[in-house]
Amino acid sequence: MDHLTALENKSIFIIREAYYRFRNIAVLWSIGKDSTTLLWHCRKAFFGKIPFPVLHIDTGYKFPEIYRYRDRYAKEWGLDLIVARNEEKIRSGMGPDKGSKLECCTELKTNALKAAIARHGFKAILLGIRRDEHGIRAKERVFSPRDGDFKWNYEDQPAELWDNYKSTTHEEDHYRIHPILHMTELDVWNYVKREEIPIIELYSSKEGKRYRSIGCQPCCSPIESRARTVDDIIEELTTTKTSERAGRAQDKEDAYTMQKLRSLGYM
Amino acid sequence: MPRRAFNGRHARALVIGLDGVPHTLLQDYVDRGYLPETKRILDCGFALRRMDASIPDVSSTSWTSFMTGVNPGEHGIYGFMELEPGSYEMRFPNSADIMAPTLWEIIGRTSCGKRSTLCDRFGAAVDSPMRSVVLNIPQTYPATAINGVLTAGFVCPDLRKGTYPDSCYDYLMSIGYVPDVDSARAVEDRDGFIEELFMALEKRRKAFEYFFENEEWDLFIGVITETDRLHHFFFDGARDAAHPLHGTFISFYRKIDEIIGKLFNRFMELTRGEGLFLTMSDHGFSVVEQTVNVNAYLSKEGFLKKDVTRRYFDMIDTGTRAFAMDPSRIYINLECRYPRGSVSEADRTAVVEELKERLLSINAPDGTPVIRALYEGSELYSGPHAGDGPDLVALAHEGFDLKAGLQQDRVFSKGVFKGMHTQNDAHCIMSKGLEAGDGLHIEDLAGLILDHLTT
């Protein structure tokens, strides 16, 4: 079995397991490539018709392309779409300029999600988090508990339930489930290519720039890139990863060399 | 690995490299009876000869000249550091930057397309690949796959990446091998540093003897670099009986003498006396009287303008006509070569002449002239990479240690280093029967070795 199919199978198994155990769940969809891949797995898991809601947290600051894409595919794929917004804060003008970025994210994203979970009584949320995204995410579990305050104690996590094939739970407030935790950024793009998943045009280069990750417009910066197709992106990613790694390793060796030369009076 | 068919001659070569060991000091110690094994070797048909190192005489350049048998114009290594083409950004050349094939690449048939005048002379004479054991030669990091075994010398940031094959690395780890001692502690923790030197030497001995006995080889090169470290910090203890480290110096050299003696005996036994045996160094050493900061002098004389808000060589500012890099290489800040270059090609010769005149007139505070010789790059270097080299190289009189850092504002200073490299006092112990002509140069040795291995 090839690598991508193995990752897909794992994800589908987790999704079905989550639905079977928790019943009242939702999948978070940010319209980015990761959560769209997760959505694709959900559709495959249930033969095209996802039996639970798809939740979009709308801060009101998303790119217009995001809203267009969301509405088109929600209809095309027959999704039970719930758009969650912190209406009160959006109306009062909350934004990254008004408060801090953290405050804005907390109010418009975290609190919007909290409210949606409370309103619908979701026992678990599926998210498209990947372990290779960020240092802290490397500590995530596939089944990850959150307490009533949405707090995650990464230093004191319970054992990973997924690999034990037992997903019985205690009375936590809700669970976060990460079916694509084991996919890397490159895996996701290769999967997108293989499945021909439609991807939002923000990822494609326009005038020498494209977005490597998408979210709210004021806080997203594009990168210099000429990659227009998924193939281009995969090639760019492969070369960037190689040269990034090589660059960092070279810096370390250079620093070591300078220190050695300095100790002998050469610098 | 294919073993060369035995042709009735034990055409093997053993080279023991002793980094920075001067001809004069070695002769002195032999005469004083400190080195009985070396004396015994000299008494049975070997000569201790003076040898010229490369110019400049830094280890990276000199060892590369040894291992390729050609000048920097062919091998491309002019010092420990270079500037990225078209910029003032520093880079540190490594083994991948050596443009000529090494001895072991020539005999092992792993030159990978690299060519040189030496390779042209001997390449065809290598009828089937020969195996080499190469231990601790500077400028061989990172390691590449060779016909044999290699562990890199200075600078070796990562021993695994500096060793081929993995089994060699596994062995070195198992004995606690030390690629290089921690020179940063030499001044603050003198006794700890000395202890570390002896310990590192012991590990070298162990590694040399292990690979000597357990590997198939035609060429064995083992380099001891601890001598260079000892000399940089404590060379004033080499001859001065009143110096607190004089006794330590002699003990250290006695240990080296034992290593040489043991390997020599085994080698002669193995080759029935017919193997080629050499010891050699990449440069000599003398005591430092004064450090001379070349860039400070160039600033004072108006050749160099610095913007101290920038770092390292990026400090070189518009209006600079010349600057120096370690240890005494001088580059004209040409418009066609550097982003803030201010000298046109047409004016280059005039700037060189002016520089020569100013540099030759540097006198120490007591009036002694500092610069012994100045060479233009075109006089020293020939080959496809001659154009990459410095415009001028300076050699100083004994005692004046030329430095090319950019931090010092004073021309004359005194640092912590008590020993400096000398270009004309390297040594070579070789068979008296070897024809080596009048002036022996480090580049000559590779040809002698190849001649022996391919006859």
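Treat the numbers as computed from the prediction; the structure is a model and nothing was measured.

### Thoughts on the overall build of chain A
- Scanning chain A from terminus to terminus reveals seven helices and eight strands.
- Expressed as a percentage of the 267 residues in chain A, the buried residues total 35%.
- Excluding contacts between residues fewer than 6 apart, the proportion of contacts in chain A whose partners are at least 24 apart in sequence is 74%.

### As for the overall build of chain B
- Scanning chain B from N- to C-terminus turns up 14 helices and 19 strands.
- By the burial criterion, 49% of the 455 residues in chain B qualify as buried.
- By sequence separation, contacts in chain B at least 24 residues apart represent 67% of the contacts at least 6 residues apart.

### Observations concerning the interface of chain A and chain B
- Counting residues at the interface gives eleven residues for chain A and 13 residues for chain B.
- When its residues are assigned to classes, the side of chain A that touches chain B shows five nonpolar, three polar and three charged.

### As for the nonpolar core
- Formed by 97 residues in total, the largest nonpolar core has its most connected members in L103, L219, L278, L445 and I449 of chain B.
- Sequence-distant contacts of L278 of chain B, that is, excluding residues within four places in its chain, are made with V15, C428, I429, M430 and L445 of chain B.

### Let's talk about the confidence of the model for chain B
All names here are of chain B.
- Averaged over every residue, the pLDDT of chain B is 94; the share at 70 or more is 97%.
- Low pLDDT (under 50) marks residues 1-9, which in the prediction has ten contacts with non-local residues, meaning those over four places away or in another chain.
- Here the complex is predicted with pTM 0.69, and the ipTM for its interfaces comes to 0.91.

### Side note on unusual backbone geometry
All names here are of chain B.
- Cis geometry is adopted by the peptide bond preceding P165, which originates at Y164 and carries an omega value of -10°.
- Of note, P165 is situated in the loop between β7 (163-164) and α7 (166-174).
- Between D326 and P327 the backbone carries a cis peptide bond, its omega angle lying at -20°.
- By the secondary structure assignment, P327 is in the loop between β12 (322-325) and β13 (329-332).
- With a phi close to 75°, Q139 is a non-glycine residue in the positive phi region.
- If you trace the backbone, Q139 turns up in the loop between β5 (132-137) and β6 (148-152).
- The backbone of Y312 shows a phi angle near 50°, a positive value even though the residue is not glycine.
- Structurally, the position occupied by Y312 is in the loop between α11 (294-300) and β12.

### Quick look at the sheet that holds β13 of chain B
Residue and element names in this part refer to chain B.
- Strand order in this open sheet of four strands is β12-β13-β15-β14, and the pairing throughout is antiparallel. A single partner strand is all that each edge strand has here, and the edge strands are β12 and β14 (371-376). Taken over all neighbouring pairs, the strand axes of this sheet differ in orientation by 25° on average, direction set aside.
- As paired strands, β14 and strand β15 (residues 392-396) are joined by five bridges and run antiparallel to one another. By the bridge assignment for β15, Y375 is matched with V393.

### Topic: the packing of helix α8 (residues 190-214) of chain B against helix α9 (residues 226-234) of chain B
All names here are of chain B.
- One way to put it is that α8 packs onto α9 with a least axis distance of 10 Å and a crossing angle of 165°. Classified by the angle between their axes, α8 and α9 sit roughly antiparallel to one another. For α8 against α9, the interelement crossing comes out left-handed. Residues L197, A200 and L201 of α8 pack against E226, R229 and L230 of α9.

### Section: the environment of M130 of chain B
Residues and elements named next belong to chain B.
- The topology assignment puts M130 in the loop between α6 (117-122) and β5.
- Residue class for M130 comes out buried when judged on the 27 C-beta atoms lying within 10 Å of it.
- Spatially, the C-alpha atoms of M130 and N147 are 7.0 Å apart, while their sequence positions differ by 17 residues.

### A word on helix α1 (residues 23-31) of chain B
Residue and element names in this part refer to chain B.
- Regarding α1, the residues found buried are H23, L25, L26 and Y29. Seen end-on, α1 carries its buried residues on one side only, within an arc spanning 165°.
- The elements touched by buried residues of α1 are β2 (46-51), α10 (246-270), β10 (284-287) and β19 (426-431).
- Remark: G33 follows α1 within two positions and exhibits a positive phi of approximately 80°.

### Details of the sheet that holds strand β11 (residues 290-293) of chain B
All names here are of chain B.
- The strand order across the open sheet formed by three strands is β16-β11-β17, and the pairing between neighbours is mixed. The outermost strands of the open sheet, each flanked by one partner alone, are β16 (400-403) and β17 (412-413).
- As defined by bridge partners, β11 adjoins β16 across four bridges and the pair is classed as parallel. Paired with V292 across the strands is L402, a residue of β16.

### Quick notes on the packing of helix α2 (residues 33-45) of chain A against helix α6 (residues 185-195) of chain A
All names here are of chain A.
- Direction vectors running N to C along α2 and α6 enclose 50°, while the axes themselves pass 10 Å from each other. By the criterion of interaxial angle, the relationship of α2 to α6 is oblique. Crossing of α2 against α6: the hand is left-handed. On α6, the residues touching K33, D34, T37 and W40 of α2 are V188, Y191, V192 and E195.
- In terms of residue class, the contact of α2 with α6 is made up of four nonpolar, one polar and three charged.

### A few points about the pairing of β5 of chain B
Residue and element names in this part refer to chain B.
- Of all six residues in β5, six are buried; the element is thus mostly enclosed.
- Here β5 runs beside β6; their pairing, made up of five bridges, is parallel. In the strand pairing of β6, I137 is matched with A152.

### Quick word on helix α12 (residues 345-360) of chain B
All names here are of chain B.
- The terminal C-alpha atoms of α12 lie 23 Å apart, and with 16 residues this matches the ideal 22 Å at 1.5 Å per residue to within 8%.
- Among the residues of α12, V351, L355 and L359 are the ones counted as buried. Considered in projection along α12, the buried side chains sweep an arc of 60° and stay on one side of the axis. Pointing more than 90 degrees away from the buried face of α12 are the exposed residues A346, T349, A350, E353 and E357.
- Of the surrounding secondary structure, the elements contacted by the buried residues of α12 are β12, β13, β14 and β15.

What counts and what doesn't
Residues numbered from 1 in each chain as written. Chains lettered and ligands numbered in written order. Predicted model: local features only at pLDDT ≥ 70, side-chain atom pairs only at ≥ 80, totals over all residues. Helix = DSSP H or I, 4+ residues; strand = E, 2+ residues; numbered from the N terminus. Buried ≥ 20, exposed ≤ 12 C-beta atoms within 10 Å, placed from the backbone. Contact = placed C-beta atoms within 7 Å. Nonpolar A, V, L, I, M, F, W, Y, C, P; charged D, E, K, R; others polar. Core = buried A, V, L, I, M, F, W, Y, C linked by C-beta atoms within 7 Å. pLDDT = per-residue confidence, 0-100. Pairing = 2+ DSSP bridges. Axes fitted to C-alpha atoms, helices over the stretch in contact; angles between N-to-C directions. Parallel < 35°, antiparallel > 145°, perpendicular 65-115°, else oblique. Left-handed = near helix turned anticlockwise from the far one by under 90°. Arc of directions from axis to C-beta. Expected span 1.5 Å × (residues − 1).

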